[in-house]
Amino acid sequence: MNFVNKQTGKTLLLILFGLAAISVPAQDAKLNLDKLKGLENKARDVIEVNIDGKVLELAKRVLVKINDKNAKTIGEAIKGLKGIYVRVFNFEKDDEYNLTDIDDIRNQLKSPDWERIANVRSKRKNQKIDVFTKFSGDTMSGVAVVMSETKTLAVINVIGPIDIDTLVEISGKLNIPKIDIEKNSDKKEKPDN
């Protein structure tokens, strides 16, 4: 009987190590957002979202069952995710924060594992949007978006595989800031020849 218990214990231990090894790559994509806490005292409004674990699993199950197009889109978008972390700081006046306030986040994203895939700069509202992805082998393990404007600063960190187009589509929902990339409407269309 002791042999069965020892074998069972060893098997369980191997399974636990295996599960830990599988979940490590996704957790590597989680950014440390603690240094942003210093902005809370300066900001007029602060949004902090931490969706992971059991809450995320519940959201996955519920959203795909709701008979609403937006809910189903969000449900499909988050089905493979391990976590969603959002920090948004809205300020009363222009330039109440300094871009050095997010240097810690940018330094984490300079790691060779992270790759910047989009870099948007707009003079209107001094908008800057950077989108980064992280891969573990051939599998996407995370996405990070850093957005700043004259009165707003936002960091979005999604753990697990997600399609960038889907991220843009679900922006404005789940307290994820609307990713609104300004399009130049001043260009004249060329006439068809």
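This text follows the structure it describes.
Residues numbered from 1 in each chain as written. Predicted model: local features only at pLDDT ≥ 70, side-chain atom pairs only at ≥ 80, totals over all residues. Heavy atoms only, no water.

Undergrad: So what exactly am I meant to see when it comes to a nonpolar patch on the surface here?
TA: Side chains of Leu 58, Val 62 and Ile 66 sit close together on the surface and give an oily, nonpolar patch of about 230 Å² of accessible area. Looking at the secondary structure, you find Val 62 in helix α2 (residues 53-63). (Patch = residues over 30% accessible without salt bridge, like charges linked within 9 Å, V, L, I, M, F, W, Y side chains within 5 Å. Areas by Shrake-Rupley, 256 points an atom, 1.4 Å probe, with all protein chains shown as cover. Salt bridge = Lys/Arg side-chain N within 4 Å of Asp/Glu carboxyl O. Helix = DSSP H or I, 4+ residues; strand = E, 2+ residues; numbered from the N terminus.)

Undergrad: Looking at this model, I keep getting lost on the pattern of salt bridges. Mind explaining?
TA: Charged atoms that come close allow side chains of opposite charge to pair. This model, assessed by the stated rule, comprises nine salt bridges. We note a salt bridge from Glu 40 to Lys 37, for which the minimum N-O separation is 3.8 Å. By relative accessible area, which is 44% here, Lys 37 ends up partly exposed. Two residues, Arg 116 and Asp 130, come together in a salt bridge whose shortest N-O distance is 3.0 Å. In this pair, Arg 116 sits in strand β3 (residues 114-122) while Asp 130 sits in strand β4 (residues 127-136), placing the two residues 14 residues apart along the sequence. The exposure class of Asp 130 is buried, given its relative accessible area of 0%. In the salt-bridge network here, residues are joined through shared partners; they are Lys 37, Glu 40, Glu 48 and Arg 87. (Buried < 20%, exposed > 50% of the residue type's maximum accessible area, 1.4 Å probe, protein only.)

Undergrad: How should the environment of Phe 91 be read in this particular structure?
TA: Mapped onto the secondary structure, Phe 91 falls in the loop between β2 (83-90) and α4 (103-108). On the basis of relative accessibility, which here comes to 1%, the residue Phe 91 falls in the buried class. Phe 91 sits 62 residues away from Leu 153 along the chain, and the two C-alpha atoms are 8.5 Å apart. Residues contacting Phe 91, with those up to four places away along its chain left out, are Leu 39, Lys 42, Ala 43, Arg 44, Glu 96, Tyr 97, Lys 151, Thr 152 and Leu 153. (Contact = heavy atoms within 4.5 Å.)

Undergrad: I tried to follow the sheet that holds strand β1 (residues 45-52) on my own but got confused; where do I start?
TA: Two orientations exist for strands paired in a sheet by backbone hydrogen bonds: parallel and antiparallel. If you trace the six strands from one edge of the open sheet to the other, you get β1-β2-β6-β5-β4-β3, paired in antiparallel fashion. A single partner strand is all that each edge strand has here, and the edge strands are β1 and β3. Averaged over all pairs of adjacent strands, the angle between their axes in this sheet comes to 5°, without regard to strand direction. Of the strand pairs in this sheet, β2 and strand β6 (residues 152-159) are connected by eight bridges, and their pairing is antiparallel. Residue pairing for β6: Ile 84 is matched across the bridge by Val 158. Strands β1 and β2 of the sheet are contacted by α2, whose axis makes an angle of about 80° with β1. (Pairing = 2+ DSSP bridges. Axes fitted to C-alpha atoms, helices over the stretch in contact; angles between N-to-C directions.)

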